[in-house]
Amino acid sequence: MPRTSLNREPVWAFVALGANLGDAQQTVQDAIKALGELPLTSLLTASRLYQTAPHQALGPDFVNAVAKLSTRLSAPDLMQCLGSLEQKAGRTRSFLNAPRTLDLDLLFYGDAVVQSDRLTVPHPRWATRAFVLWPLNDVAPDKVTPALLAAVSGQAIRCLTEGEGAGSKGGA
């Protein structure tokens, strides 16, 4: 059980989800549900699912999403829980940017800035990846500016689930 106290004020955390092995769409949907079942954590909302080509990675296309959580877990405890979910989904780290059954990245933890050997928050590359920005725009449009979206317009991304703005975005 995490060391976090029940007396801790809840914090909004944003988690990016991605998968490109197996039934990636089902894996991401299952992971979204599992995030809401973490100790001291509630799932507030999740983005639509998006399909993207691997970005600085190998393998088949990815399915991506972003989840917004309310949690009383500390940032390190939340990261530990995310790692456990990746392991349960069969994640292995055979080489840098290897294809993966599930990838969970902590994008934001409230307004915290954390820099350690094991954790960097905000995520250092969140603003350079269409597969993060478009789903994040679904759940936290105040964090995503038109300039950020314009900067990733060359990265192809396609919405897989219905909703406002569904369709192809970015380069072909």
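Model, not experiment: these values are computed from the prediction.

Novice: Help me understand the overall build of the protein chain in this model?
Specialist: Of regular secondary structure, the protein chain possesses 4 helices and 9 strands. Of the regular secondary structure in the protein chain, the N- to C-terminal order runs β-α-β-β-β-α-β-β-β-α-α-β-β. When each of the 172 residues of the protein chain is scored for burial, the buried share is 45%. Long-range contacts, defined here as pairs at least 24 residues apart, represent 65% of the contacts in the protein chain between residues at least 6 apart. Counting every atom, the protein chain has about 8,900 Å² of accessible surface; 51% of that belongs to carbon and sulfur.

Novice: Can you walk me through the packing of aromatic side chains in this structure?
Specialist: Tallied over the full model, the rule gives 2 aromatic pairs. The interplanar angle of 90° and the centroid separation of 6.2 Å between the aromatic rings of Phe-14 and Phe-108 together place this pair among those described as edge-to-face. Placement of the pair is Phe-14 in strand S1 (residues 11–19) and Phe-108 in strand S5 (residues 103–109), with a sequence separation of 94 residues. Looking at Lys-68, its charged tip hangs above the ring of Trp-12, at a distance of 3.4 Å from the centre. Across the ring face of Phe-108, the terminal group of Lys-143 is positioned such that the distance to the ring centre comes to 4.3 Å.

Novice: Before we go on, may I ask you to explain the pattern of salt bridges in this structure?
Specialist: Pairs can form between side chains of opposite charge whenever their charged atoms are close. Within the structure shown, the criterion is met by 2 salt bridges. Across the salt bridge formed by Lys-33 and Glu-37, the nearest N and O atoms sit 3.8 Å from each other. The exposure class assigned to Lys-33 is exposed, which follows from its relative accessible area of 56%. Residue Arg-48 is joined to Asp-138 by a salt bridge in which the shortest nitrogen-to-oxygen separation is 2.7 Å. Here the residue Arg-48 occupies a position in the loop between strand S2 (41–46) and strand S3 (50–52), and Asp-138 occupies one in helix H3 (residues 130–139), the gap between them amounting to 90 residues. Note on Arg-48: relative accessible area 13%, which makes it buried.

Novice: Honestly, the side chain of Lys-68 in this entry has me stumped. Any pointers?
Specialist: Mapped onto the secondary structure, Lys-68 falls in strand S4 (residues 62–71). If sequence neighbours within four positions are ignored, Lys-68 has contacts with Trp-12, Ala-13, Phe-14, Ser-42, Leu-43, Leu-44, Thr-45 and Val-139.

Novice: Which parts of the structure should I look at to understand the pairing of S4?
Specialist: Along a regular strand, successive side chains alternate from one face of the sheet to the other. Summarising burial for S4: 10 of the 10 residues are buried, a large majority. A two-sided burial pattern is seen for S4, the buried positions comprising Phe-62, Asn-64, Val-66, Lys-68 and Ser-70 on one face and Val-63, Ala-65, Ala-67, Leu-69 and Thr-71 on the other. Summarising the sheet, S2 and S4 pair through 5 bridges and their orientation is antiparallel. Across the sheet, Ala-46 pairs through a bridge with Ala-67, a residue of S4.

Cut-offs applied
- Residues numbered from 1 in each chain as written.
- Predicted model: local features only at pLDDT ≥ 70, side-chain atom pairs only at ≥ 80, totals over all residues.
- Heavy atoms only, no water.
- Helix = DSSP H or I, 4+ residues; strand = E, 2+ residues; numbered from the N terminus.
- Buried < 20%, exposed > 50% of the residue type's maximum accessible area, 1.4 Å probe, protein only.
- Contact = heavy atoms within 4.5 Å.
- Areas by Shrake-Rupley, 256 points an atom, 1.4 Å probe, with all protein chains shown as cover.
- Phe/Tyr/Trp six-rings, centres within 6.5 Å; stacked < 30°, edge-to-face > 60°.
- Lys NZ or Arg CZ within 6 Å of the ring centre and 35° of its normal.
- Salt bridge = Lys/Arg side-chain N within 4 Å of Asp/Glu carboxyl O.
- Pairing = 2+ DSSP bridges.

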